[in-house]
Amino acid sequence: MTHRIRPAFFSALLVIALSVPVFGLKLTTEGIALIVEGATASTYWIIAACAVGMFFWTLFHERLAAGWAASPNLPRILAGAGSFLTLPSTQRWIICTLIVVALVWPFFGSRGAVDIATLILIYVMLGLGLNIVVGLAGLLDLGYVGFYAVGAYTYALLSEYFGFGFWSALPIAGAMAALFGFLLGFPVLRLRGDYLAIVTLGFGEIIRILLRNMTDITGGPNGISGIEKPTLFGLSFDRRAEEGMQTFHQFFGLEYESIHKVIFLYLIAVLLVLLTLFVINRLLRMPIGRAWEALREDEIACRALGMNPTIIKLSAFTLGATFAGFAGSFFAARQGLVSPESFTFIESAIILAIVVLGGMGSQLGVILAATVMILLPELMREFSEYRMLMFGALMVVMMIWRPQGLLPMQRPHLELKP
Amino acid sequence: MSRPLLDVSGLTMRFGGLLAVNGVALQVHDRQVVSMIGPNGAGKTTVFNCLTGFYRPTEGKILLDGESIEGLPGHQITRKGVVRTFQNVRLFKDMTAIENLLVAQHRHLNTGFLAGLFKTPAFRKSEREAMQYAAHWLEQVDLVDCANRPAGTLAYGQQRRLEIARCMMTRPRILMLDEPAAGLNPRETEDLKALIALLRDQHGVTVLLIEHDMKLVMSISDHIVVINQGCPLADGTPEEIRANPDVIKAYLGEA
Ligand SMILES: Nc1ncnc2c1ncn2[C@@H]1O[C@H](COP(=O)(O)OP(=O)(O)O)[C@@H](O)[C@H]1O
Ligand SMILES: [Mg+2]
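Thresholds applied
- Residues numbered from 1 in each chain as written.
- Chains lettered and ligands numbered in written order.
- Predicted model: local features only at pLDDT ≥ 70, side-chain atom pairs only at ≥ 80, totals over all residues.
- Heavy atoms only, no water.
- Helix = DSSP H or I, 4+ residues; strand = E, 2+ residues; numbered from the N terminus.
- Rg over C-alpha atoms; globule rule 2.2 N^0.38 Å.
- Buried < 20%, exposed > 50% of the residue type's maximum accessible area, 1.4 Å probe, protein only.
- Contact = heavy atoms within 4.5 Å.
- Areas by Shrake-Rupley, 256 points an atom, 1.4 Å probe, with all protein chains shown as cover.
- Lys, Arg positive; Asp, Glu negative; His and termini not counted.
- Charge placed at Lys NZ, Arg CZ, Asp CG, Glu CD.
- Donors = N, O, S within 2.8 Å, 3.2 Å for Na, K, Ca; no water.
- Salt bridge = Lys/Arg side-chain N within 4 Å of Asp/Glu carboxyl O.
- Near = heavy atom within 4 Å.
- Polar contact = N/O pair within 3.5 Å; in protein donor to acceptor, adjacent residues only side chain to side chain.
- Nonpolar A, V, L, I, M, F, W, Y, C, P; charged D, E, K, R; others polar.
- Buried area = accessible area lost by both parts, 1.4 Å probe.
- Axes fitted to C-alpha atoms, helices over the stretch in contact; angles between N-to-C directions.
- Parallel < 35°, antiparallel > 145°, perpendicular 65-115°, else oblique.
- Left-handed = near helix turned anticlockwise from the far one by under 90°.

Novice: Explain the overall build of chain B here, please?
Specialist: Scanning chain B for helices and strands turns up 10 helices and 10 strands. For chain B, whose C-alpha radius of gyration is 19 Å, the value lies close to the compact-globule estimate of 18 Å for 255 residues. Out of the 255 residues belonging to chain B, those deemed buried represent 53%. Look at the contacts in chain B between residues 6 or more apart in sequence, and 69% of them connect residues 24 or more apart. Summing over all exposed atoms, chain B offers an accessible surface of approximately 11100 Å²; the carbon and sulfur share of this is 50%. Once the 28 positive and 28 negative side-chain charges of chain B are each reduced to a mean point, those two points are 6 Å apart.

The following block contains the structure:
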């Protein structure tokens with residue numbers, strides 16, 4: 001017990017040292033002067049209470065853990081549930097149920113909810129795409145947002161200069177992002193681990209800065225606005241159609257309702273996510289999926305067996321980029337506006353956090369993590385100042401509680417049948 | 001005699017100031033078992049690394065069936081039919097035994113993206129054939145019961161055999177084994193000897209062997225090359241090597 005007193009005391013001190021500057025002091029500007037304001041007394045009381053709590057927690061948590069171990073039922077049930085949830089067959093069922101729910105609920109949901117759900121789906125798509133690169137092929141890519149930007153700007157530019165619609169631009173955006181992935185991957189995939197991470201990080205920034213500085217073409221920091229929304233076989237969802245086009249509500253003889261457009265966008269997002277899920281599920285069972293796993297385990301052995309590591313990594317990089325391209329062009333269509341500031345490094349970090357939080361390589365995990373990561377900030381708008389703090393706390397909690405991610409992947413194993 | 005399948009001459013590998021391999025020559029004829037022996041640190045593994053493209057030799061010629069292969073990247077040399085194992089087991093530990101064998105057939109599979117995406121008949125056929133080929137070799141190395149177990153959970157001797165089976169997936173002409181009997185018990189070593197004989201006699205594979213187990217080496221080799229401190233020391237049939245005074249001196253001097 002006594003040997004715990006020092007660390008306990010230290011932890012309590014650390015709580016005070018960290019939270020007083022963050023929560024207790026406020027910087028405000030008055031005219032041109034900067035003044036430091038103290039917080040209310042209650043804030044200080046809460047901090048003090050936290051410090052005391054931390055002190056006793058550090059002092060006693062070993063005993064508590066021992067107590068837990070002595071009554072083993074609960075944790076064991078939880079562990080059992082966890083491994084049941086990560087079984088491929090269970091995951092398939094859950095995903096099927098989710099699909100049905102996802103297709104039905106927006107017709108009963110509110111406009112705001114459907115809108116947020118659409119945003120979540122964009123991140124699901126990005127998470128799934130990055131999952132190919134990071135989770136399956138084991139390549140740390142910190143510039144994934146670059147491919148997302150390429151996709152978004154491809155559609156924006158095609159729409160602005162050549163009058164392309166969403167559906168015809170979608171495959172082009174995917175192909176463009178794939179091309180960028182291929183061209184970047186070719187030289188950098190010889191690098192390993194940290195070096196690859198740094199180079200891709202730089203690439204993401206280069207793309208953003210290029211987009212901001214090519215003012216003549218991309219509109220610079222203002223971006224491109226007035227991007228066309230997707231249509232349903234030529235039916236537009238606007239109140240009034242352009243020359244020679246029909247609107248959805250006229251064609252079906254409905255009253256005009258703006259929520260139709262929101263639901264339609266949502267359904268497109270669902271469709272794109274389903275496509276992504278399908279492709280990834282097949283990839284896992286294809287030779288290339290096995291090769292990615294083998295490469296992640298032992299690159300030297302792969303080379304000795306006649307596999308070309310560069311080509312195999314490049315395929316992961318290119319495929320991952322393709323999905324970012326799809327997500328990007330959908331993002332541009334939903335937003336109607338793209339600007340370089342949508343593609344900062346923090347986006348890459350969020351997407352990576354989704355992959356890590358969900359459990360590397362796991363699809364259901366990515367869906368869950370994307371929901372958490374996007375929904376939480378939306379629900380806690382009033383705490384938006386502390387958003388980054390909460391992300392940090394979430395990551396720390398995850399690393400302690402479930403370092404393997406929420407629902408880690410259990411790969412479908414091929415079996416030899418007698 | 002006919003042209004050797006593998007003809008190495010003047011092979012030299014220098015790491016900075018260290019001359020790890022110095023002018024080694026080696027001739028391996030079709031369907032022979034050739035062994036390379038020498039004390040630890042003699043440079044045997046380095047010779048393997050040069051032959052299989054993991055190192056680019058400082059000097060020397062490597063001819064495979066008359067074609068020069070020095071300086072080619074490792075995976076391309078494997079595709080020409082030279083495949084090796086490593087001194088330490090390098091299986092894909094989290095993948096099952098059968099998956100290890102499937103991965104090794106990567107180049108022979110239908111890797112078309114669309115074919116795999118839509119499970120075309122050609123794709124299914126190629127996957128089925130790969131599975132059959134893998135199952136066939138699991139049988140050859142007596143590992144059928146372990147087919148669906150992660151490779152990392154197999155016993156050491158089983159892992160060694162699985163590694164040889166995995167090499168066979170690439171359809172090699174020359175199989176290079178780096179200390180395959182290290183850590184095996186006498187019975188497993190006997191099995192290994194039978195397996196090497198089977199590979200040569202039934203499957204027409206030429207074997208280049210690094211091994212310290214003299215009983216195994218002497219009984220199975222057609223030809224032995226002795227290396228000491230990077231330099232070729234002797235070269236001949238097992239009888240000649242056994243009687244060679246230089247070899248005796250080097251080995252006794254070591255001991
Ligand atoms: N990559 C390398 N860099 C520097 N020295 C090396 C390297 N690989 C092997 N060596 C050296 O070459 C010599 C021969 O090693 P090796 O071929 O592994 O011997 P062995 O005959 O036991 O297989 C050793 O002295 C080793 O330290
Ligand atoms: Mg060695």
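Novice: Hey, could you run me through the overall build of chain A in this one?
Specialist: Broken down by element type, chain A carries 17 helices and 6 strands. Residues classed as buried in chain A amount to 46% of the 418 residues present. Sequence separation of at least 24 residues holds for 74% of the intrachain contacts in chain A that already meet a minimum separation of 6. For chain A, the accessible area works out to roughly 21300 Å², and carbon and sulfur atoms hold 70% of it.

Novice: Looking at this structure, how should I read the coordination of the magnesium ion (ligand 2)?
Specialist: Each pair of donors in an ideal four-coordinate tetrahedral metal site encloses 109.5 degrees, whereas pairs in an ideal six-coordinate octahedral site enclose 90 or 180 degrees. Residue and element names in this part refer to chain B. Taken together, Thr 45 (OG1) and Gln 87 (OE1) make up the protein donors of the magnesium ion (ligand 2), found 2.0 to 2.2 Å from the metal. Taken as a pair, Thr 45 in helix α1 (residues 44-51) and Gln 87 in the loop between β6 (82-84) and α3 (97-103) lie far apart in primary sequence, 42 residues in all. Given the relative accessible area of 24%, Thr 45 is considered partly exposed.

Novice: Honestly, the pattern of salt bridges in this entry has me stumped. Any pointers?
Specialist: Where side chains of opposite charge bring their charged atoms close, a pairing between them can arise. Summed over the entire model, instances satisfying the criterion amount to 16 salt bridges over all chains. Notably, a salt bridge pairs B:Asp201 with B:Arg200, separated by 3.3 Å at the nearest N-O pair. Its relative accessible area of 16% is what places B:Arg200 among the buried residues. Here the salt bridges share partners, and the residues they tie into one network are A:Glu205, A:Arg208, A:Arg212 and A:Glu341.

Novice: What should I look at first to understand the site of ligand 1 in this one?
Specialist: Residues and elements named next belong to chain B. The local shell around ligand 1 consists of Phe 15, Leu 18, Ala 20, Asn 40, Gly 41, Ala 42, Gly 43, Lys 44, Thr 45, Thr 46 and Tyr 55. The backbone of Gly 41 places a nitrogen or oxygen atom 2.8 Å from an oxygen atom of ligand 1. In this structure, Thr 45 approaches ligand 1 through a side-chain N or O atom, which is 2.6 Å from an oxygen atom. In the complex, the protein chains occlude 62% of the 560 Å² of accessible area that ligand 1 would expose alone. When residues of the shell around ligand 1 are traced back to their parent elements, those giving at least two are β2 (18-28) and α1. Grouping the amino acids of the shell around ligand 1 by side-chain chemistry returns 5 nonpolar, 5 polar and 1 charged.

Novice: How do you make sense of the interface of chain A and chain B when you look at a structure like this?
Specialist: Interfaces are frequently sized by the accessible area removed from exposure as the parts join. Between chain A and chain B, the contact holds 31 residues from the first and 41 residues from the second. Taken as a group, A:Arg290, A:Leu305 and A:Leu416 account for 23% of the area that chain A buries against chain B, more than any other trio of residues on that side. The tally of links from chain A across to chain B stands at 2 salt bridges. One salt bridge connects B:Arg90 with A:Asp298, and the closest N-O pair in it is separated by 2.8 Å. Here chain A and chain B share 8 residue pairs in polar contact (both at pLDDT 80 or more) between them. Among the secondary structure elements, those contributing two or more residues to the side of chain A that touches chain B are α11 (258-284), α12 (287-297), α13 (299-304) and α14 (309-335) of chain A. In terms of residue count, the dominant contributor to the side of chain A that touches chain B is α12(A) (7 residues). When the residues that make up the side of chain A that touches chain B are grouped by side-chain class, the tally is 19 nonpolar, 3 polar and 9 charged.

Novice: I keep staring at the packing of helix α6 (residues 144-162) of chain A against helix α7 (residues 166-188) of chain A and nothing clicks. Help me out?
Specialist: The axes of two packed helices give the description: the angle between them and the distance between them. Residue and element names in this part refer to chain A. Contact geometry of α6 with α7 gives a least axis separation of 8 Å together with a crossing angle of 140°. One element, α6, and the other, α7, form an angle in the oblique class. Seen from above, α6 lies across α7 with right-handed handedness. Here α6 contributes Phe 147, Val 150, Gly 151, Thr 154, Tyr 155 and Leu 158 to the contact with α7, which in turn contributes Phe 166, Ala 169, Ile 172, Ala 173, Met 176, Ala 177, Phe 180, Gly 181 and Leu 184. Partitioned by chemical class, the residues of the contact of α6 with α7 number 12 nonpolar, 3 polar and no charged.

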